[in-house]
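Examination of the molecular architecture
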Amino acid sequence: MTKTEGKTASAAVKDILLSNPDGLREVIRTVMQEVLEAEMDEALGAAKGERTPERLGYRSGHYGRTLITRVGKLELRVPQDRSGHFSTELFERYQRSERALVATLAEMYAFSASSISAINKRLDESLKAFAERSLQEPFAYLILDARYEKVREAGVVMSQAVLIAVGIDWDGRRQILSVEMAGRESRCAWKDFLVRLKGRGLKGVELMVSDDHAGLVAAIGEVIPEAAWQRCYVHFLRNALDHLPRKHGDDCLQELRWLYDRRDLDEAKADLAAWLGKWSVRYPRLTSWVEETIEQTLTFFRLPRQHHKHLKSTNMLERLNEEIRRRTYVVRIFPNTESCLRLVRALAVETHENWMEANRYIKMDDLREHKKVALRQAA
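Only a predicted model underlies this, so the values are computations on that prediction, with no experimental measurement involved. (Residues numbered from 1 in each chain as written. Predicted model: local features only at pLDDT ≥ 70, side-chain atom pairs only at ≥ 80, totals over all residues. Heavy atoms only, no water.)

Considering the overall build of the protein chain
Across its full length, the protein chain carries 14 helices and eight strands. Burial statistics for the protein chain: of 379 residues in total, 48% are counted as buried. Look at the contacts in the protein chain between residues 6 or more apart in sequence, and 66% of them connect residues 24 or more apart. Approximately 19900 Å² of the protein chain is accessible, and the part contributed by carbon and sulfur atoms is 50%. (Helix = DSSP H or I, 4+ residues; strand = E, 2+ residues; numbered from the N terminus. Buried < 20%, exposed > 50% of the residue type's maximum accessible area, 1.4 Å probe, protein only. Contact = heavy atoms within 4.5 Å. Areas by Shrake-Rupley, 256 points an atom, 1.4 Å probe, with all protein chains shown as cover.)

Right under this line is the structure:
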């Protein structure tokens, strides 16, 4: 979008808000419609009219849908695809984040400070209670990740880190434990984040899963040194590309990927030795790097086999980040840090509540039995 187009769109929104008593409703309707169209683009792998070999299907008109919101009824046009496979979760997931999105739009455009305060007050109270709640039960597993959002501060647009922690309790349920903003993903930022978690009662962590960001790894070692650390194997395989020439076959990395599906550590190490022997002549830079660093990605083999697929990567948290990205995309640049944190936390609360109401994510009896067997073998 050009700068001129951006100004025109902003001016149009302001005109709607200032001249029309139903202006806010129209803005929200427009934003919701954009989200639906963006979801369809993502589902089809192509925008409307775009020619691309990655396209997965074609549009087939729209159907009407009324959404009841706090600003009134919104008449929306839901896109359809020819195969009938497209579906949206927008309506089910909209309720809580509606107020956060309304508040963000209000700050971006023509609302007074008193109007913004009225919109935010009740929402901020519930989000603060969620963010500061005591963590009574222990969490055996902790998954950490960060994503970035664009925020305008003092007239300057910058990327700010959104730090997220998800815990798995001994009932086998996932809980979003914390969502905070940081200027950047540094050791100090992660350390403060983890210290605040411990201050709220975080305890009993046996395994932590994250990427290998140096600041994060250092903070884990300082604040929760008793926990084992699992380096996300998906990030590890992506990093492996940095150690390969541009033109390379896929077989090498595919065979490396297969190591993570083995039943136990002995099988994985046997296959690793064979892999190193096969590829060391052709890709010495890669095999040397893998030999030095792969141990960090094999920690999950200490767990019961039933837990391997859930704890060898941060994929579960990556999916949450992708959902956040879909919802923050319509804002693009937040007017300030507070509005960004408000919307992301509102989305996090929705997800947290859905997780708590859903079936258990994993069976923790498997870990209990695994620990008993380990104790008997050590005796």
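Section: the confidence of the model for the protein chain
This prediction gives the protein chain a mean pLDDT of 85; 83% of its residues lie at or above 70. Long-range and interchain partners of residues 1–9, a stretch whose pLDDT sits below 50, account for one contact in this model, where long-range means more than four residues apart. (pLDDT = per-residue confidence, 0-100.)

Examining the nonpolar core
Membership of the largest hydrophobic core comes to 41 residues, with the highest contact counts inside it found for Y141, I164, V166, I176, V179, L311 and L320. When residues of this core are traced back to their parent elements, those giving at least two are α2 (23–44), α4 (113–131), β3 (139–153), β4 (156–169), β5 (174–182), β6 (207–210), α12 (315–328) and α13 (337–357). (Core = buried A, V, L, I, M, F, W, Y, C linked by side-chain atoms within 4.5 Å.)

Concerning the packing of helix α7 (residues 233–240) against helix α10 (residues 284–293)
Orientation of α7 relative to α10, taken along the N-to-C sense of each, is 155°, at an axis distance of 11 Å. Taken as axis vectors, α7 and α10 run roughly antiparallel relative to one another. Of the two elements, α7 crosses α10, and the hand of that crossing is right-handed. Between α7 and α10, the residues in contact are F236, N239 and A240 and L286, W289, V290 and T293, respectively. Of the residues that constitute the contact of α7 with α10, the class distribution is five nonpolar, two polar and no charged. (Axes fitted to C-alpha atoms, helices over the stretch in contact; angles between N-to-C directions. Parallel < 35°, antiparallel > 145°, perpendicular 65-115°, else oblique. Left-handed = near helix turned anticlockwise from the far one by under 90°. Nonpolar A, V, L, I, M, F, W, Y, C, P; charged D, E, K, R; others polar.)

Overview of helix α9 (residues 265–279)
Residue pairs spaced three or four apart in an α-helix point in one direction, given the helix's 3.6 residues per turn. The terminal C-alpha atoms of α9, which comprises 15 residues, lie 21 Å apart, in line with the 21 Å expected from a rise of 1.5 Å per residue. Among all positions of α9, only A268, L272, W275, L276 and W279 are buried. Buried residues of α9, viewed axially, fall in a sector of 100°; they line one side. Of the exposed residues in α9, the ones pointing more than 90 degrees away from its buried face are D266, A273, G277 and K278. Summarising the contacts, the buried residues of α9 are in contact with α8 (251–258) and α10. One side-chain oxygen at the N-terminal end of α9 lies 3.2 Å from the backbone nitrogen of D266; it belongs to D264. (Expected span 1.5 Å × (residues − 1). Arc of directions from axis to C-beta. Polar contact = N/O pair within 3.5 Å; in protein donor to acceptor, adjacent residues only side chain to side chain.)

Some words on the packing of α7 against α8
Running from N to C, α7 and α8 cross one another at 160°; their axes reach a closest spacing of 11 Å. As far as their axial angle goes, α8 and α7 are roughly antiparallel. Between α7 and α8 the crossing geometry is right-handed. For the pair formed by α7 and α8, the contact residues are Y233, F236, L237 and A240 on the first element and L253, L256 and R257 on the second. The residue inventory of the contact of α7 with α8, partitioned by class, reads six nonpolar, no polar and one charged.

Let's talk about the packing of aromatic side chains
Throughout the structure, instances matching the rule amount to six aromatic pairs. Ring pairing ties together the aromatic residues Y233, Y260, F300 and F301, which thus form one cluster. The ring of Y329 is capped by R332, whose NZ or CZ atom sits 4.3 Å from the centre of that ring. (Phe/Tyr/Trp six-rings, centres within 6.5 Å; stacked < 30°, edge-to-face > 60°. Lys NZ or Arg CZ within 6 Å of the ring centre and 35° of its normal.)

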